[in-house]
Amino acid sequence: MRSRVLSGMRPTGALHLGHYHGALKNWVRLQEQHDCFYFVADWHALTTHYEEREVIEKNVYEMVIDWIAAGLDPDKSTIFIQSRLPEHAELFTLLAMGTPLGWLERVPTYKDQIDKLKDRDLATYGFLGYPLLQAADILIYKANYVPVGEDQSSHVELTREVARRFNHLYGRLGGFEAQVAAALARLSKDDQRYYEKQRKAFGETGSAEAWGKGEALVKRAAAAIEGWSEGDTELLLGHLRGSGRAILVEPQALHTEVLRLPGLDGTKMSKSYGNAVLMRDAPAEVEKKIRGMTTDPARVRRTDPGDPEKCPVWQFHKVYSDEATRDWVVRGCTTAGIGCLDCKQPVIDAIVREQQPWRERAAALTADPKKVHWIVEMGTERARTVARQTMKDVREAMGLNY
Ligand code: TRP
Ligand code: SF4
């Protein structure tokens, strides 16, 4: 079975090259091997932009267009909008009941963002709770992997803790012990004793070896015993872990090596800093922006040698240029053999070339808004099927199915 990948993005503006190289490119790659769910995190955008409804409204479908333009394939990936699935809110609410306040207050992005976004009032309940909403987004699809930037690691870690706590609190209910006993009875007497021994050792000492041995035994049984189901495996692994049944799945963050693309001024690329090259900037715009880019401040005159390491243009060459071009840059820059505009030209050409298919796909979709809506509709219904099933399991586990 393919493992499931889930990620979301906030619709707060047109996407730029930083989004593409930092996230989207990876999303596109992942869809070849995994069952991918990608969603527009419009509720998340509201946690910081609750006073700017136009921003979000304008960018929801535009962002989907950028995604597909970049190569997301609606036949391979499930593309949807968070707010179309109230199930996320339901899970968020239910998880909120048992989540200690300290877990949210300790998330590093919480204080960071409040300090950084001083012009916004983020002393809200929604802002504090937003990593838990993110946990609900992830857990509702039982995602195995979550591709996110390093800055979001703590959110995935919180998600894991929330899932673990949920399984611990509710995973043992509903005849769990009896079902475990029934599954165990299908093992040979020796295997039963062996399993119990490993379970005890793991429970008392957390020994990885005991876990490994117990798990290997269960896997062996799964392969050898006729009529053994995946549910049986899950039961015995849950019992071995001491956590009960894994109703919610603990996800893993997926930090793929990404080349960081700085903004035009060398700081982080961001639309709000006015230093971004947009995915859909026209060629003339790209040319103008790159030509105006900051360079090594030591190169005041054309005859002053420079140091690529001190120049944001060099970071672009690392993403866009082949080795021969990069050698030409290093030699030309350090010896003042080339001027900065010469140096920037291959970058301009590479970006314009990269954008070409994006531009074509985006133009086709912009001309056919119905198609974009249809894609989102299909994705939303596909997501809903999964979300509904999880909520059924969750309600049942929590004793809410009356
Ligand atoms: N919080 C993420 C961000 O600000 C967006 C997001 C929301 C997300 N829910 C998610 C990412 C679930 C991964 C998984 O970029
Ligand atoms: Fe930067 Fe290139 Fe100019 Fe060197 S020559 S300072 S690398 S733009």
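Structural data are supplied above this passage.
Residues numbered from 1 in each chain as written. Chains lettered and ligands numbered in written order. Predicted model: local features only at pLDDT ≥ 70, side-chain atom pairs only at ≥ 80, totals over all residues. Heavy atoms only, no water.

### Here's the deal with the pairing of strand 3 (residues 77-81)
Of all five residues that make up strand 3, five are buried, and the element is covered over most of its length. Neither face of strand 3 is open: one carries Ser77, Ile79 and Ile81, the other Thr78 and Phe80, and all of them are buried. Of the strand pairs in this sheet, strand 2 (residues 35-40) and strand 3 are connected by five bridges, and their pairing is parallel. Paired with Phe37 across the bridge in strand 3 is Thr78. (Buried < 20%, exposed > 50% of the residue type's maximum accessible area, 1.4 Å probe, protein only. Helix = DSSP H or I, 4+ residues; strand = E, 2+ residues; numbered from the N terminus. Pairing = 2+ DSSP bridges.)

### Topic: the site of ligand 1
Lining the immediate surroundings of ligand 1 are 14 residues, of which Arg10, Phe39, Gln134, Asp137 and Gln152 lie closest. At a separation of 2.8 Å, a nitrogen atom of ligand 1 approaches a polar side-chain atom of Asp137. At the level of secondary structure, the elements contributing two or more residues to the shell around ligand 1 comprise strand 1 (4-9) and helix 7 (125-139). Of all the elements, helix 7 adds the most residues to the shell around ligand 1, at four residues. Residues of the shell around ligand 1, tallied by class, amount to seven nonpolar, five polar and two charged. (Near = heavy atom within 4 Å. Polar contact = N/O pair within 3.5 Å; in protein donor to acceptor, adjacent residues only side chain to side chain. Nonpolar A, V, L, I, M, F, W, Y, C, P; charged D, E, K, R; others polar.)

### Details of the pairing of strand 1
Judged by how many residues are buried, strand 1 sits mostly within the fold: five of six residues are covered. Sheet topology places strand 1 next to strand 2; six bridges connect them, and they run parallel. Within strand 2, the residue paired with Met9 across the bridge is Val40. The β-α-β motif built from strand 1, the intervening helix 1 (residues 17-30) and the parallel element strand 2 has right-handed crossover chirality. (Right-handed = clockwise from strand over helix to strand, strands pointing away.)

### Details of the environment of Ala201
With respect to the helices and strands, the residue Ala201 is situated in helix 10 (residues 189-205). Accessibility expressed as a relative area gives 26% for Ala201, which makes it partly exposed. The spatial distance from the C-alpha of Ala201 to the C-alpha of Trp211 is 8.3 Å, given a sequence separation of 10 residues. Excluding residues that lie within four positions of it along the chain, Ala201 makes contacts with Gly206, Ser207 and Ala210. (Contact = heavy atoms within 4.5 Å.)

### Quick word on the pattern of salt bridges
Counted under the stated rule, the structure contains 25 salt bridges. Across the pair Glu52 and Arg120 runs a salt bridge, and its minimum N-O distance is 2.7 Å. Of this pair, Glu52 sits in the loop between helix 2 (42-49) and helix 3 (53-70) while Arg120 sits in the loop between helix 6 (108-116) and helix 7, and the two are 68 residues apart along the sequence. The exposure class of Glu52 is partly exposed, given its relative accessible area of 24%. Owing to a relative accessible area of 24%, Arg120 belongs among the partly exposed residues under this scheme. Among the ionic pairs, Arg280 bridges to Glu62, the shortest N-O distance being 2.9 Å. Note that Arg280 is positioned in the loop between strand 5 (252-254) and helix 13 (283-291) and Glu62 in helix 3, a separation of 218 residues in sequence. Classification of Glu62 as partly exposed rests on a relative accessible area of 30%. (Salt bridge = Lys/Arg side-chain N within 4 Å of Asp/Glu carboxyl O.)

These figures come from the coordinates and say nothing about function on their own.
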